[in-house]
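# Summary of the model geometry
Residue-level listing of the chains:
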Amino acid sequence: MTAPALSWEKLLGAVRAERDGRYRAWFEALPPGELVNGELQVVVADPAQRQYLHSECTATFQQAAMRLTDHLVSVRFVAPSDGSSTPVVASSRSPLISSPLNPDYTFEQFVVGPSNRLAHAACRAVCSQPGIPYNPLFVHGGSGLGKTHLLQAIGAFLGAADPPLNVVYVSCETFVNEFVRAIETGTLVGFRDGIRRADVLIIDDVQFLADRESSQEELFHTFNVLHQSRRQIVLSADYSPSEIPTLEDRLVSRFTWGLVTNVGQPDRETRHAILQKKARLRGVEIPDEVLDFIAEQVQSNIRVLEGALTRLVTEANIGGKPLTVDTAREIVGTFQGPSGRLLQVSDILEAVSRHFGVRLPDLIGRKRSRSVSHPRQVGMYLARKLTPLSLQEIGGYFGGRDHSTVLHAERVIEVDRTHDDATAVALTALTQQLLARR
Ligand code: ADP
Ligand code: MG
């Protein structure tokens, strides 16, 4: 799932930790809120409860939601009888296996600059004539540079077209997992039928196909069926088709039939404009010089940029700190080591690979034996602890895995750490070694 995931249980847990018993009666029995367009909508029983929660607990809910989703979130308490609109629940337009789209990932919210101008134009062209100018469209580029945003913008646009097209958007990991499950449960016909009824098939992070022979074969046939009937196919990956390891030649050739386009590192103006857009989307006014400072300091990737902004807003809301360059400097500083360098996931991969004697391709590959999956989970755990990246982002670095896989790894290692001495020792050694590198 790519929309920011929010576990209501976890959210309440975090709010409980902040608020003592006096307040709890006001929120304990609330039904799960819905996260829509970056707004957490929580339905309460009556206007009195709304008023109370609004004035006493908004900031706590907001902080918890931002921490859990890694995104800017605003909070609204809605009472059924006070005339406010009832919450809009993101509709799942397709009965197929399509994953929900993040409502923030639209063309309106995408900033166009020199680094992504061509990719953006290609996505727009696909929207105006699906299946015609570029089929397939293949978008590649480094992590956190806007591929998922663009792919989902296409999905949202075409899903809302008149008449709406049947859009199937999935991460490649979901495609692979659903395919494997369909084989195991004898439901392959249904799986194929679902995916082949798509007018538009969007598969994110196809580098996840590396080393997965039967999934590649399945995708090959799916591709042929859809392409022959001029249905639009959109794909993304960290690398261009020919650079994806072990991708069969026949898929490489098909993936390059249409247009292969690239998103690159945004320049400073684009970074600034993106920050501004993200802040406005959440209704936060941030002084220009603060945005300038963050845009200048954080150059690596847009998710990290967004992470810095989210923390700044949290600190301002909750910690009562001013929205100034000094506060921003403090926050950016927590991401960086003494040399000013950010720890990269590639550093973690390399250290874990050396420590456990596991080859890098295996670490990001599909092998499931414990000798490989344990180091992989340790790597994901360290990435959670030592980088500001989101679950989705970390999954991307580990071979295009879903956010839920990273979350699972984090939990498993958290448990191992307390029950297994070898894991505890490995984590301490790796953490020290990595922090010394920054
Ligand atoms: P990728 O799929 O390439 O790893 P994402 O599409 O997930 O990257 O982008 C990471 C974050 O950066 C998302 O929150 C996305 O909205 C934001 N982002 C990336 N590029 C842009 C852009 N040009 N304009 C606005 N937001 C962007
Ligand atoms: Mg992505």
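Here goes a summary of the coordinates provided.

Thresholds, definitions, all that
- Residues numbered from 1 in each chain as written.
- Chains lettered and ligands numbered in written order.
- Predicted model: local features only at pLDDT ≥ 70, side-chain atom pairs only at ≥ 80, totals over all residues.
- Heavy atoms only, no water.
- Axes fitted to C-alpha atoms, helices over the stretch in contact; angles between N-to-C directions.
- Helix = DSSP H or I, 4+ residues; strand = E, 2+ residues; numbered from the N terminus.
- Left-handed = near helix turned anticlockwise from the far one by under 90°.
- Contact = heavy atoms within 4.5 Å.
- Nonpolar A, V, L, I, M, F, W, Y, C, P; charged D, E, K, R; others polar.
- Core = buried A, V, L, I, M, F, W, Y, C linked by side-chain atoms within 4.5 Å.
- Buried < 20%, exposed > 50% of the residue type's maximum accessible area, 1.4 Å probe, protein only.
- Near = heavy atom within 4 Å.
- Areas by Shrake-Rupley, 256 points an atom, 1.4 Å probe, with all protein chains shown as cover.
- Pairing = 2+ DSSP bridges.
- Right-handed = clockwise from strand over helix to strand, strands pointing away.
- Phe/Tyr/Trp six-rings, centres within 6.5 Å; stacked < 30°, edge-to-face > 60°.

Taken N-terminus to C-terminus, the directions of helix α14 (residues 345-356) and helix α16 (residues 370-386) make an angle of 145°; their axes are 10 Å apart at the nearest point. As for the relative orientation of α14 and α16, their crossing is right-handed in sense. Each of Ile348, Val352 and Phe356 in α14 lies in contact with α16, whose residues at this interface are His374, Pro375, Val378, Gly379, Leu382 and Ala383. In terms of residue class, the contact of α14 with α16 is built from seven nonpolar, two polar and no charged.

With that settled, the discussion passes to the nonpolar core. Among the nonpolar cores identified, the biggest contains 67 residues, and Phe27, Phe61, Ile286, Ile294 and Leu382 are the most heavily contacted of them. Considering each element in turn, this core owes the most residues, seven residues, to α16. Residues Phe138, Phe179, Val206 and Leu235 belong to the second largest nonpolar core, which totals 28 residues.

All right, on to the site of ligand 1 then. Near ligand 1 lie 19 residues; those nearest to it are Gly144, His149, Lys278, Arg303 and Glu306. For ligand 1, whose accessible area on its own is 560 Å², the fraction buried by protein is 97%. Of all elements in the fold, only α5 (147-159), α10 (268-281) and α12 (302-318) reach the threshold of two or more residues within the shell around ligand 1. Considered class by class, the residues forming the shell around ligand 1 number six nonpolar, nine polar and four charged.

On to the pairing of strand β7 (residues 232-237). A large share of β7 lies buried, amounting to six of its six residues. Every second residue of β7 is oriented toward a common face, with Gln232, Val234 and Ser236 on one face and Ile233, Leu235 and Ala237 on the other, all of them buried. As defined by bridge partners, strand β6 (residues 200-204) adjoins β7 across four bridges and the pair is classed as parallel. Across the sheet, the residue bridging to Ile202 is Val234, located in β7. With helix α8 (residues 213-228) bridging β6 and its parallel neighbour β7, the resulting β-α-β unit is right-handed.

The description of an aromatic ring pair rests on the distance of the ring centres and on the angle between the ring planes. Taken as a whole, this structure holds 10 aromatic pairs when the rule is applied. Where Phe27 meets Phe61, the ring centres are 6.0 Å apart and the plane angle is 85°; that geometry is what we call edge-to-face. One end of the pair, Phe27, is in helix α2 (residues 21-27); the other, Phe61, is in helix α3 (residues 47-69), with 34 residues separating them in the sequence. Summarising the burial analysis for this pair, Phe27 and Phe61 share the class buried. Taking the centre distance of 5.3 Å and the plane angle of 85° together, the rings of Phe61 and Phe77 count as edge-to-face. In this pair, Phe61 sits in helix α3 while Phe77 sits in strand β3 (residues 74-78), placing the two residues 16 residues apart along the sequence.

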